[in-house]
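Results of the structural survey
Below, each chain spelled out in residue letters.
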Amino acid sequence: MASTTAFKDRNLIAVIGDEDSITGLLLAGIGHINEHQRKNFLIVDSKTQISAIETAFQEFTQRKDIAIVLINQHIAEKIRPTVDRYQEAFPTLLEIPSKDHPYDPSKDSVLKRVQKLFGE
């Protein structure tokens with residue numbers, strides 16, 4: 001069993017999403033800027049470079065204060081190889097729908113791994 005020291009300081013949720021998703025989650029109180037001026041969210045629009053999305057994903061998955069990374073599924077599709085390679089338990093990665101893009105379980109990498117484990 002994993003030691004509690006591995007995740008005891010993880011108390012933030014990070015989000016990579018479209019403006020509507022980020023706005024809703026910020027209004028719910030998830031926004032945070034640390035002492036190094038690093039945010040725990042990235043707003044992705046049509047002008048956002050794929051490299052910026054990948055950089056934010058790498059940063060959020062390596063930070064020791066983040067417990068969960070939420071990413072809009074249509075944005076995860078833009079960096080699908082990177083998302084599919086991510087195998088760590090912490091921070092947990094969850095793909096979420098957006099207002100304009102419904103959730104598609106066939107594209108969710110976490111769900112695919114679970115189905116594989118259960119032989120489905």
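Preceding this section is the structure that the text describes.
What this report covers is the structure whose coordinates are included nearby.

Thresholds applied
- Residues numbered from 1 in each chain as written.
- Predicted model: local features only at pLDDT ≥ 70, side-chain atom pairs only at ≥ 80, totals over all residues.
- Heavy atoms only, no water.
- Helix = DSSP H or I, 4+ residues; strand = E, 2+ residues; numbered from the N terminus.
- Rg over C-alpha atoms; globule rule 2.2 N^0.38 Å.
- Contact = heavy atoms within 4.5 Å.
- Areas by Shrake-Rupley, 256 points an atom, 1.4 Å probe, with all protein chains shown as cover.
- Lys, Arg positive; Asp, Glu negative; His and termini not counted.
- Charge placed at Lys NZ, Arg CZ, Asp CG, Glu CD.
- Buried < 20%, exposed > 50% of the residue type's maximum accessible area, 1.4 Å probe, protein only.
- Pairing = 2+ DSSP bridges.
- Patch = residues over 30% accessible without salt bridge, like charges linked within 9 Å, V, L, I, M, F, W, Y side chains within 5 Å.
- Salt bridge = Lys/Arg side-chain N within 4 Å of Asp/Glu carboxyl O.
- Phe/Tyr/Trp six-rings, centres within 6.5 Å; stacked < 30°, edge-to-face > 60°.

1. As for the overall build of the protein
On a plain count of helices and strands, the protein comes out with 5 helices and 4 strands. Each helix and strand of the protein, placed in order from N terminus to C terminus, yields the pattern β-α-β-α-β-α-α-β-α. Its C-alpha atoms give the protein a radius of gyration of 14 Å, within 12% of the compact-globule value 14 Å for 120 residues. Along the three orthogonal principal directions, the C-alpha set of the protein runs to about 45 × 40 × 25 Å. Within the protein, contacts between residues at least 6 apart in sequence are counted, and of these 64% link residues at least 24 apart. For the protein, the accessible area works out to roughly 7,600 Å², and carbon and sulfur atoms hold 56% of it. Looking at the protein, you have 15 positive and 17 negative side-chain charges, and the mean spots of the two groups are 4 Å apart.

2. Regarding the pairing of strand E3 (residues 66-72)
Counting buried residues in E3 gives 6 out of 7 residues, a clear majority hidden from the surface. In terms of strand pairing, strand E1 (residues 12-17) meets E3 through 5 bridges, oriented parallel. Bridged to Val 15 within E3 is Leu 70. In terms of strand pairing, E3 meets strand E4 (residues 92-96) through 5 bridges, oriented parallel. When the sheet's bridge partners are listed, Val 69 is paired in E4 with Leu 93.

3. Digging into a nonpolar patch on the surface
Judged by side-chain polarity, Val 114, Leu 117 and Phe 118 come together as a nonpolar surface patch covering roughly 370 Å² of accessible area. Summarising the element assignment, Leu 117 is placed in helix H5 (residues 109-117).

4. Observations concerning the pattern of salt bridges
Within the structure shown, the criterion is met by 7 salt bridges. Put simply, Glu 59 and Arg 38 hold a salt bridge, and the shortest N to O gap is 3.3 Å. With Glu 59 in helix H2 (residues 50-62) and Arg 38 in the loop between helix H1 (19-27) and strand E2 (41-43), this pair connects stretches of sequence that are 21 residues apart. Here Glu 59 falls in the partly exposed class, since its relative accessible area comes to 28%. Its relative accessible area of 33% is what places Arg 38 among the partly exposed residues.

5. So, the environment of Asp 100
If you trace the backbone, Asp 100 turns up in the loop between E4 and H5. On the basis of relative accessible area, Asp 100 is assigned to the exposed category, the value being 55%. For the pair formed by Asp 100 and Lys 64, sequence separation is 36 residues and the distance between their alpha carbons is 32 Å.

6. Comments concerning the packing of aromatic side chains
Taken as a whole, this structure holds 1 aromatic pair when the rule is applied. With centroids separated by 5.8 Å and ring planes inclined at 85 degrees, the aromatic side chains of Phe 57 and Tyr 86 adopt a geometry described as edge-to-face. Taken together, the residues Phe 57 in helix H2 and Tyr 86 in the loop between helix H4 (80-85) and E4 connect sequence positions 29 residues apart. On the basis of relative accessibility, which here comes to 1%, the residue Phe 57 falls in the buried class.

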